[in-house]
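Close look at the chain arrangement
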Amino acid sequence: MVNIRVAAQTDLPFLREHDSHVAAEELTSVVKRGRVLLAEHNGEAVGWLRWGLFWDEIPFMNMLTVLSSHRSQGTGRALVTYWEKQMNRAGHSQVLTSTLADESAQNFYRTMGYTDAGVLLLPGESSEIFLRRDLETAPDLPDPHITRE
């Protein structure tokens, strides 16, 4: 079983060690705002989901990572499911995320019900695929991987 919770300041050393995609100051800020979820297995941090707001109103999943030793065990699905439920409860009707076209994450998101919403083309980089999901169509079923909300 995995436990999902909002990350605390005490989780910053783990997050700083493993999340090199954001500056330390910004990571501290998003943790303070409650915009990082942490997944734990037997009390050990094994993954996280970091999010923000696109256009200051649509929840956007910026980062979803599960440590390689804990992948394919439902942790990523549990993090996304927990986040979607929280966003729905907060009154949001849709969520967004993105992934590079040459990454396999797009397949994971599509199995989670996300659909293509557009592509960003930047010089010298792979295409960034934007994906969206309507939350009102998401089933409100308990996730067997989550022990607590």
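Structural data are supplied above this passage.
These notes cover the structure that comes with them. (Residues numbered from 1 in each chain as written. Predicted model: local features only at pLDDT ≥ 70, side-chain atom pairs only at ≥ 80, totals over all residues. Heavy atoms only, no water.)

Here we come to the environment of His 70. Mapped onto the fold, His 70 is located in the loop between strand 4 (58-66) and helix 3 (75-89). The buried category is assigned to His 70, whose relative accessible area is 11%. Once the C-alpha coordinates of His 70 and Glu 136 are considered, the two residues, 66 residues apart in sequence, prove to be 30 Å apart. In this structure, His 70 is in contact with His 41, Glu 44, Val 46 and Thr 75, ignoring residues within four places of it in sequence. (Helix = DSSP H or I, 4+ residues; strand = E, 2+ residues; numbered from the N terminus. Buried < 20%, exposed > 50% of the residue type's maximum accessible area, 1.4 Å probe, protein only. Contact = heavy atoms within 4.5 Å.)

Each regular strand carries side chains that alternate between the two faces of the sheet. Taken across its eleven residues, strand 3 (residues 44-54) has eight buried, putting it largely inside the fold. Pairing geometry for strand 2 (residues 36-41) and strand 3, over six bridges, is antiparallel. By the bridge assignment, Leu 37 is partnered in strand 3 with Leu 49. In textbook terms, the turn of a hairpin is the stretch between consecutive antiparallel strands, and for strand 2 and strand 3 this stretch comprises two residues, one of which, Asn 42, has a positive phi near 55°. Here strand 3 runs beside strand 4; their pairing, made up of eight bridges, is antiparallel. When the bridges of strand 4 are listed, Gly 47 appears paired with Val 66. From the end of strand 3 to the start of strand 4, which pair antiparallel, there are three residues, and Trp 55 there has a positive phi angle of about 55°. (Pairing = 2+ DSSP bridges.)

As a further point, take the layout of surface pockets. Computed from the structure, the largest pocket encloses a volume of approximately 800 Å³. Lining the largest pocket are 27 residues; nearest its centre among them are Leu 64, Thr 65, Glu 103, Ala 105 and Tyr 109. For the lining of the largest pocket, the secondary structure elements donating two or more residues are strand 4, helix 3, strand 5 (94-100) and helix 4 (105-111). Sorting elements by how many residues they give to the lining of the largest pocket places strand 4 first, with seven residues. Looking at the lining of the largest pocket residue by residue, the class counts come to nine nonpolar, 13 polar and five charged. (1 Å grid on protein atoms, 1.4 Å probe; cavity = no way out; pocket = protein on both sides within 12 Å on 5 of 7 lines; lining within 4 Å. Points joined across faces, edges and corners; volume = space filled by probe spheres on them. Nonpolar A, V, L, I, M, F, W, Y, C, P; charged D, E, K, R; others polar.)

Turning our attention to helix 2 (residues 24-32). All buried positions along helix 2 are accounted for by Leu 27, Thr 28, Val 30 and Val 31. Taken end-on, helix 2 shows its buried residues confined to a sector of 170°, consistent with a single buried face. Away from its buried face, by an angle of more than 90 degrees, helix 2 presents the exposed residues Glu 25 and Lys 32. In this structure, the buried side of helix 2 is in contact with helix 1 (12-18), strand 2 and strand 3. Residue Gly 34 follows helix 2 closely and has a positive phi angle near 75°. (Arc of directions from axis to C-beta.)

With that out of the way, let us pick up the environment of Gly 91. Inspection of the secondary structure puts Gly 91 in the loop between helix 3 and strand 5. Classification of Gly 91 as exposed rests on a relative accessible area of 63%. For Gly 91 and Leu 135, which are 44 residues apart along the polypeptide, the C-alpha to C-alpha distance reads 9.7 Å.

So, about the side chain of Ser 98. Within the secondary structure layout, Ser 98 lies in strand 5. Judged by relative accessible area, Ser 98 falls into the buried class, the value being 17%. Among the polar contacts listed, one links the side chain of Ser 98 to the side chain of Glu 128, at a separation of 2.6 Å. Not counting residues within four places of it along the chain, the set of residues in contact with Ser 98 comprises Phe 60, Met 61, Glu 128, Ile 129 and Phe 130. (Polar contact = N/O pair within 3.5 Å; in protein donor to acceptor, adjacent residues only side chain to side chain.)

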